[in-house]
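# Commentary on secondary and tertiary structure
Each chain is listed here by its residues.
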Amino acid sequence: MDNFDSIKSLWDKGANADQPKTIVLGKNSQSAKHKLKRQLMIGTVSLFATGIYIIALALLFDFGFKSWLTFAGMGLVTVICWAQAAFLFKNYKRIASIEESSLPAEHLKQWQEYYLLRKRQNQWNGPVYFLLLNLAMGLYFIEIFSGRNIYYILILLAVYFGWMAYAYFILGKKVLKKENDRLQAIMDELKGLEGQFKKLD
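Everything numeric here is computed off the predicted structure, so don't read it as measured data. (Residues numbered from 1 in each chain as written. Predicted model: local features only at pLDDT ≥ 70, side-chain atom pairs only at ≥ 80, totals over all residues. Heavy atoms only, no water.)

What follows is about the pattern of salt bridges. Opposite charge on two side chains permits pairing when their charged atoms draw close. Inspection of the entire model under this criterion finds four salt bridges. Here lysine 109 and glutamate 113 are joined by a salt bridge, their closest N and O atoms 4.0 Å apart. Residue lysine 109 and its partner glutamate 113 are located together in helix α4 (residues 104-145), separated by four residues, close to a single helical turn. Among the ionic pairs, arginine 118 bridges to glutamate 179, the shortest N-O distance being 2.7 Å. In this pair, arginine 118 sits in helix α4 while glutamate 179 sits in helix α5 (residues 150-200), placing the two residues 61 residues apart along the sequence. Judged on exposure class, the residue arginine 118 and its partner glutamate 179 are both buried. (Salt bridge = Lys/Arg side-chain N within 4 Å of Asp/Glu carboxyl O. Helix = DSSP H or I, 4+ residues; strand = E, 2+ residues; numbered from the N terminus. Buried < 20%, exposed > 50% of the residue type's maximum accessible area, 1.4 Å probe, protein only.)

This part is about the packing of aromatic side chains. Scanning all chains against the criterion turns up 14 aromatic pairs. Between phenylalanine 130 and tyrosine 168, the aromatic rings sit 4.8 Å apart at their centres with planes inclined by 40°, giving tilted as the arrangement. With a gap of 38 residues between them, phenylalanine 130 in helix α4 and tyrosine 168 in helix α5 connect regions that are remote in the sequence. What makes phenylalanine 130 partly exposed here is its relative accessible area of 22%. An aromatic cluster of three or more residues is present, and its members are Phe61, Phe63, Phe65, Phe71, Tyr140, Phe141, Phe145, Tyr160 and Phe161. (Phe/Tyr/Trp six-rings, centres within 6.5 Å; stacked < 30°, edge-to-face > 60°.)

Moving on, we get to the confidence of the model for the protein. Of the residues in the protein, 87% have a pLDDT of 70 or more, and the chain-wide mean is 88. Mean pLDDT values over the elements of the protein span from 50, in helix α1 (residues 2-14), up to 97, in helix α3 (residues 68-96). Ignoring residues within four places in sequence, the model shows residues 13-19, a span with pLDDT below 50, making two contacts including any to other chains. (pLDDT = per-residue confidence, 0-100. Contact = heavy atoms within 4.5 Å.)

On to helix α2 (residues 27-60), then. An ideal rise of 1.5 Å per residue puts 50 Å on 34 residues; α2 measures up with 48 Å between its terminal C-alpha atoms. Of all the positions in α2, only Ser29, Ala32, Lys33, Leu36, Leu40, Gly43, Thr44, Leu47, Gly51, Ile54 and Leu57 are classed as buried. (Expected span 1.5 Å × (residues − 1).)

Once that is clear, we can look at the nonpolar core. If you look at the biggest cluster of nonpolar residues, it comprises 35 residues, and the most contacted ones within it are Val77, Trp111 and Ile186. Contributing elements (two or more residues each) for this core: α2, α3, α4 and α5. The element best represented in this core is α4, accounting for 11 residues. When near neighbours in sequence (up to four residues on either side) are disregarded, tryptophan 111 contacts Lys33, Leu36, Ile95, Ile98, Leu183, Ile186, Met187 and Leu190. (Core = buried A, V, L, I, M, F, W, Y, C linked by side-chain atoms within 4.5 Å.)

The next subject is the packing of α2 against α3. Contact geometry of α2 with α3 gives a least axis separation of 8 Å together with a crossing angle of 160°. When the axes of α2 and α3 are compared, the pair comes out roughly antiparallel. Considering the relative orientation of α2 and α3, their crossing is left-handed. A per-class count over the contact of α2 with α3 returns 21 nonpolar, seven polar and two charged. (Axes fitted to C-alpha atoms, helices over the stretch in contact; angles between N-to-C directions. Parallel < 35°, antiparallel > 145°, perpendicular 65-115°, else oblique. Left-handed = near helix turned anticlockwise from the far one by under 90°. Nonpolar A, V, L, I, M, F, W, Y, C, P; charged D, E, K, R; others polar.)

Size it by volume and the largest pocket reaches roughly 1,200 Å³. As for the largest pocket, its lining consists of 31 residues, and the residues nearest its centre are Gln84, Tyr129, Ala167, Gly172 and Val175. At the level of secondary structure, the elements contributing two or more residues to the lining of the largest pocket comprise α2, α3, α4 and α5. In terms of residue count, α5 provides more of the lining of the largest pocket than any other element does, 11 residues in total. For the lining of the largest pocket, the per-class residue count stands at 18 nonpolar, nine polar and four charged. (1 Å grid on protein atoms, 1.4 Å probe; cavity = no way out; pocket = protein on both sides within 12 Å on 5 of 7 lines; lining within 4 Å. Points joined across faces, edges and corners; volume = space filled by probe spheres on them.)

Below, the discussion takes up the side chain of glutamine 121. You can see glutamine 121 is positioned in helix α4. Residue glutamine 121 is classed as buried on the basis of its relative accessible area of 5%. Every residue in contact with glutamine 121, bar those within four places of it in the chain, is listed here: Phe87, Asn91 and Arg94.

In structure tokens:
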């Protein structure tokens, strides 16, 4: 409420100057927006760096790989990482481009459109990324597992799939829930402020 009172006070002072009504996000919503942007930027940089690291491993170190499938797998992982990095960076730019100085209804509309976009993206991006990444790793594992003891292979596969399942079904869900909660918090505040602004008309 303090946030609205301060905005109302500024509006009352500038009303005679015929200034447009704008919404200033409260501290909690500003923090939520900052965390959304930071999460996307960290993901972008991490995935891009991972791609570079994999290329460096393939070109600068001799692990004795002989099969082209191994290098194809490493190359595919790199492409997937960079594609996902580009995807995250595009969403970062979408959030950064949201105009906080726009009129209340327009400001809220921009966040609602981004929220709906993320819901659509989450329906396909996670599963596609997960499937392609595991396909690439499958190509890489062909030579790695060649000639190995079956128990060694089973242990490695158990660890790998255990980690992938944890990352997808637990960590991934937590990340999406945090993102959803932050977007909801921003939109709820904007809806409240918009309604109170309308009462002043």
